[in-house]
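Listed below are the residues making up each chain.
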Amino acid sequence: MAIQLSDQPLLEWAGDSLAIALFEDAVELTGELASLDEKFAGILKELITEEEFTGKVNSTVFARVSANSPVRKIILVGLGKNEAFKVETLRRAAAAVGRIAKKQKSKVLGLSFPLWNNDPTASAQAIAEGVQLALYQDNRFKSDPEEKASQVETVELLGFAGQEAAINKANQIVSGVILARQLVAAPANSLTPITLAETAEQIAKDHGLQIQILEQEDCEKLGMGAFLGVAQASDLPPKFIHLTYKPEGTPKRKLAIVGKGLTFDSGGLNIKGAGSGIETMKIDMGGAAATLGAAKAIAQIKPDTEVHFISAVTENMISGHAMHPGDILTASNGKTIEVNNTDAEGRLTLADALVYTDKLGLDAIVDLATLTGANVIALGDDIAGLYTPDDALAGQIEQAAADSGEKLWRMPLEEKYFEGLKSGIADMKNTGPRPGGSITAALFLKQFVKDTPWAHLDIAGPVWADKENGYNGPGATGYGVRLLVDWVLSE
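Residues numbered from 1 in each chain as written. Predicted model: local features only at pLDDT ≥ 70, side-chain atom pairs only at ≥ 80, totals over all residues. Heavy atoms only, no water.

Per an unreviewed UniProt entry, the protein chain goes by the name Probable cytosol aminopeptidase and belongs to Anabaena subtropica FACHB-260. Listed under Function (unreviewed entry) in UniProt, the entry text for the protein chain is "Presumably involved in the processing and regular turnover of intracellular proteins. Catalyzes the removal of unsubstituted N-terminal amino acids from various peptides." (UniProt positions renumbered as here; feature names shortened; annotations may be inferred.)

This part covers the side chain of lysine 73. With respect to the helices and strands, the residue lysine 73 is situated in strand E4 (residues 71–78). One buried charged side chain, lysine 73, makes no salt bridge at all; its nearest oppositely charged neighbour is aspartate 16, positioned 9.6 Å away. (Helix = DSSP H or I, 4+ residues; strand = E, 2+ residues; numbered from the N terminus. Buried < 20%, exposed > 50% of the residue type's maximum accessible area, 1.4 Å probe, protein only. Lys, Arg positive; Asp, Glu negative; His and termini not counted. Salt bridge = Lys/Arg side-chain N within 4 Å of Asp/Glu carboxyl O.)

Here we take up the sheet that holds strand E5 (residues 108–112). Spatial strand order, E1-E6-E5-E2-E4-E3: 6 strands in an open sheet with mixed pairing. Looking at strand neighbours, the two that pair on one side only are strand E1 (2–6) and strand E3 (60–64), the edges of this open sheet. Averaged over all adjacent pairs, the angle separating strand axes in this sheet is 20 degrees, with direction ignored. In terms of strand pairing, E1 meets strand E6 (residues 154–158) through 5 bridges, oriented parallel. (Pairing = 2+ DSSP bridges. Axes fitted to C-alpha atoms, helices over the stretch in contact; angles between N-to-C directions.)

With that settled, consider a nonpolar patch on the surface. The grouping of Leu269, Ile271 and Ile318 at the surface amounts to a nonpolar patch, some 260 Å² of accessible area in total. Residue position: isoleucine 271 is located in the loop between strand E10 (261–265) and helix H9 (286–301). (Patch = residues over 30% accessible without salt bridge, like charges linked within 9 Å, V, L, I, M, F, W, Y side chains within 5 Å. Areas by Shrake-Rupley, 256 points an atom, 1.4 Å probe, with all protein chains shown as cover.)

Under the local residue numbering, the UniProt record ascribes the feature "binding site: Mn(2+) 2" (unreviewed entry) to Lys260, Asp265, Asp284 and Glu345. These residues run over 86 residues, yet every pair of their C-alpha atoms falls within 11.6 Å of each other. Tracing the chain through its elements places aspartate 265 in strand E10. Residue classification places aspartate 265 among the buried positions, given a relative accessible area of 2%.

Here we come to the nonpolar core. The biggest cluster of nonpolar side chains holds 65 residues, and the ones touching the most others in it are Leu243, Ile257, Phe309, Ile397, Leu408, Leu457 and Trp487. The residues touching isoleucine 397, leaving out its near neighbours within four places in the chain, are Val366, Leu386, Leu408, Ala455, Leu457, Leu483 and Trp487. Leu329, Ala351, Ile365 and Ala442 belong to the second largest nonpolar core, which has 45 residues in total. (Core = buried A, V, L, I, M, F, W, Y, C linked by side-chain atoms within 4.5 Å. Contact = heavy atoms within 4.5 Å.)

What follows deals with H9. Because an α-helix packs 3.6 residues into every turn, residues spaced three or four apart end up facing the same way. Across its 16 residues, H9 extends 22 Å between first and last C-alpha, which sits within 8% of the 22 Å expected from 1.5 Å per residue. Counting buried residues in H9 gives 13 out of 16 residues, a clear majority hidden from the surface. Backbone geometry just downstream of H9 places lysine 302 in the positive-phi region, at approximately 60 degrees. (Expected span 1.5 Å × (residues − 1).)

Before going further, it helps to examine the environment of valine 97. Turning to its location among the elements, valine 97 is positioned in helix H3 (residues 87–103). Each C-alpha atom of the pair valine 97 and glycine 130 lies 9.5 Å from the other, and the pair is 33 residues apart in sequence. Look past the residues within four positions of valine 97 in its chain and what remains in contact with it is Ala19, Ile75, Val77, Leu109, Leu111 and Phe113.

Before going further, it helps to examine the packing of H9 against helix H14 (residues 481–489). How two helices pack is summed up by the angle between their axes together with the distance between the axes. Put simply, H9 and H14 touch, their axes get as near as 9 Å, and they point 45 degrees apart. Judged by the angle between their axes, H9 and H14 are oblique. Regarding H9 and H14, the two cross each other, and that crossing is right-handed. Here H9 contributes Ala290, Gly293, Ala294, Ala297, Ile298 and Ile301 to the contact with H14, which in turn contributes Val481, Leu484, Val485, Val488 and Leu489. Tallied by class, residues from the contact of H9 with H14 come to 10 nonpolar, 1 polar and no charged. (Parallel < 35°, antiparallel > 145°, perpendicular 65-115°, else oblique. Left-handed = near helix turned anticlockwise from the far one by under 90°. Nonpolar A, V, L, I, M, F, W, Y, C, P; charged D, E, K, R; others polar.)

Bringing the pairing of strand E2 (residues 15–22) into the picture now. Summarising burial for E2: 7 of the 8 residues are buried, a large majority. Sheet analysis places E2 next to E4, joined by 7 bridges and oriented parallel. Paired with leucine 18 across the strands is isoleucine 74, a residue of E4. Sheet analysis places E2 next to E5, joined by 4 bridges and oriented parallel. Across the sheet, residue leucine 18 finds its bridge partner in E5, namely glycine 110.

Quick look at the packing of helix H5 (residues 164–185) against H14 now. Close contact between H5 and H14 brings their axes to 9 Å; oriented N to C, the two are set at 135 degrees. By the angle between their directions, the pair H5 and H14 is classed as oblique. Helix-helix and strand crossings are classified by hand; for H5 and H14 the assignment is right-handed. Residues Lys169, Ile173, Gly176, Val177 and Ala180 of H5 form the contact with H14, whose participating residues are Val481, Arg482, Val485 and Leu489. Within the contact of H5 with H14, the residues separate by chemical class into 6 nonpolar, 1 polar and 2 charged.

For proline 187, the location among the structural elements is in the loop between H5 and helix H6 (193–207). Residue proline 187 is classed as partly exposed on the basis of its relative accessible area, which comes to 28%. Taking the C-alpha atoms as reference points, proline 187 and lysine 81, separated by 106 residues in sequence, lie 42 Å from one another. Leaving out residues up to four positions away in the same chain, proline 187 has contacts with Phe141 and Lys282.

The next subject is the sheet that holds strand E12 (residues 328–330). Strand order in the open sheet made by the 3 strands is E12-E13-E17, with mixed pairing throughout. Edge strands, defined here as strands with exactly one partner in the open sheet, are E12 and strand E17 (428–429). The pairing of strand E13 (residues 336–338) with E17 spans 2 bridges and is classified as parallel. Paired with glutamate 338 across the strands is lysine 429, a residue of E17.

Per the UniProt entry, the sites bearing "binding site: Mn(2+) 1" (unreviewed entry) are Asp265, Asp343 and Glu345 in this numbering. Maximum C-alpha separation among the annotated residues is 8.4 Å over a sequence range of 81 residues, consistent with a single clustered spot. For aspartate 343, the location among the structural elements is in the loop between E13 and helix H10 (346–358). Apart from the residues lying within four places of it in its own chain, the contact partners of aspartate 343 are Asp265, Gly267, Asn270, Lys272 and Asn316. At 3.0 Å, the side chain of aspartate 343 and the side chain of lysine 272 are in polar contact. Turning to its location among the elements, glutamate 345 is positioned in the loop between E13 and H10. (Polar contact = N/O pair within 3.5 Å; in protein donor to acceptor, adjacent residues only side chain to side chain.)

Structural data, given as structure tokens:
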């Protein structure tokens, strides 16, 4: 699908479907819209009246125009109230229109949308992101070639001539989101630690990044006992991925993104039982997927910030070599961990990844992980949890979330809850009491960052959508890529 910019007047545009966005408090047809309605024999007014279209946010109506019209169908989409208008409103409106156009088998779609905040660049980028993400189809594992053909071939943004750079940036970001979606959606017999490392190597090759893949022996030399404890039951070797983007000249900042990379999580000897969602545990590398997706996007955008993309990748399996409940592991910073639940494995892999990253001398670290069901209970399926003791870093991430439309909520890091992680025979256990489980998980990770401002994102909810939700789902959402890119690009 191609995104094109057009300065063609609305009254002269021709194509399969023309979408017009209207505010809830301004659905009257005046000026150019009145002329368009007259040209189309009153179809706009008829749609508004008969379908009781009020412009409510994301509401849509459509109708076929007369057979001899240069436009086959008209789509109206609501933007809600003007005072609540955000750039995210455009992104979601474009997604809603794109889905209708696809169902109506439109090949050429025109979008006539207003500007957000008188900013054509941000508006064009948001529209291009929304429509592309909504129309993306993952048919890699389907045999029917008919299902592989996308109906919408061209999307034209009317009135946005000259915004080529914004469209290019949108395309770069979308390419990263799509990569993340593909990685999360791929089954565990396709996406393994080996193939995920190969994906990182391909990103490095295609976009000129530095890459280092630490093998098991390398991790042993670094004392990564927590990571290797999880990996020891799998027949597949662990891979520790370290991609680095370096700008030309002196970087403005040096940042790291660390993603949890469990390509499949059986639960280990604390095996996931009935109703545990074990069949979905291919998604447990959603943090690593967002990390690599962000790497792909950032490598194309080329900001003046150095960024390290890191993931300790393995499976959590069951075998005669598996770690036992009650085992004590030693992380690479010397801290000892009593494993009281082998299904709390992600934090063990992240522990060594954070120790490694903390030694790089960076300005900030953000890790993201499908870490706890407790976070889903607290915040639902659409909102990630943000945990950090650093208010400045929290503000940066919250602003990035607002700008990207990827929702999160800052949660407390209640230090006294760490009492629940204390062990009688080791420095700590890997799980605490059931109450506040997402908080104690974050407090566990905090023990492995010493010198660098750090934030943790628990993305267990928004990494996957069971049904269509804005420009996501059903399926893998690619959550985190746009947020992370926005964070890296921020001042």
